[in-house]
Amino acid sequence: MTVFGAIISHNYLWCQYRQRVGLAKTQGPMMVGIVWVANVLTFYAYYIYTNLVAFKEKDPEYLNRVKWEWLNAFKLSFVIGALLIFLLSYFLYRIKGVYNNIITELLSKEEKRQKSVAKLGKTYFYGSLTVLVIAYCILVWLFVEWGYWEAFNLDTN
């Protein structure tokens, strides 16, 4: 079983425990979509880091001129890319055959193994979100520490 299947399994068992099995088919794929977006944005954070390193020694006025193009492209790709990735993963794992195969595979295991698969899914879900938050906190810190904040506040009109 993949980690994404483990996330759906975790959600299914949680909903079953809470006696809300009807929510599992919606919430599980939604959690997978969120993890896919978190993973892609974590890789995107590495791309941003490489750009910060490349522009580290540039003139502040040059950085100010480049900032609007870069920020607009970042905002556009961030929003549209995250939305497309989320929708793709959500509908891929919401397909009845895919979802039922994951649940059938989960229920065919013994109870101890089911719990370990669910724990793997929970760990991967929260771990992905934690890594994403840490990566962007580090980027913000580097942005301020390396002097980009001052360059972005220059008035070059």
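Residues numbered from 1 in each chain as written. Predicted model: local features only at pLDDT ≥ 70, side-chain atom pairs only at ≥ 80, totals over all residues. Heavy atoms only, no water.

F4, I7, I8, Y12, V32, Y93 and Y99 are the most contacted members of the largest nonpolar core, which has 20 residues in total. Elements that contribute at least two residues to this core include exactly α1 (3–17), α2 (21–54), α4 (96–107) and α5 (111–145). With 17 residues, the next largest nonpolar core counts I48, F74, Y90 and L132 among its residues. (Core = buried A, V, L, I, M, F, W, Y, C linked by side-chain atoms within 4.5 Å. Buried < 20%, exposed > 50% of the residue type's maximum accessible area, 1.4 Å probe, protein only. Helix = DSSP H or I, 4+ residues; strand = E, 2+ residues; numbered from the N terminus.)

The next point concerns α5. A rise of 1.5 Å per residue sets the reference length of α5, with its 35 residues, at 51 Å; its end C-alpha atoms lie 50 Å apart and thus fit the reference within 8%. Among all positions in α5, only Q114, V117, A118, G121, F125, S128, L132, A135, Y136, L139, L142 and F143 are buried. Of the residues flanking the end of α5, it is G147, one or two places downstream, whose phi is positive at about 90°. (Expected span 1.5 Å × (residues − 1).)

Quick look at the packing of aromatic side chains now. Applying the stated rule across the entire model yields ten aromatic pairs. Aromatic pair Y90 and F91: ring centres 5.1 Å apart, planes at 75°, arrangement edge-to-face. Of the residues examined, Y90 reaches a relative accessible area of 9% and is grouped as buried. By relative accessible area, F91 is classed as partly exposed at 48%. Taken together through their ring pairs, the aromatic side chains of F4, W36, Y93 and Y124 make up a single cluster. (Phe/Tyr/Trp six-rings, centres within 6.5 Å; stacked < 30°, edge-to-face > 60°.)

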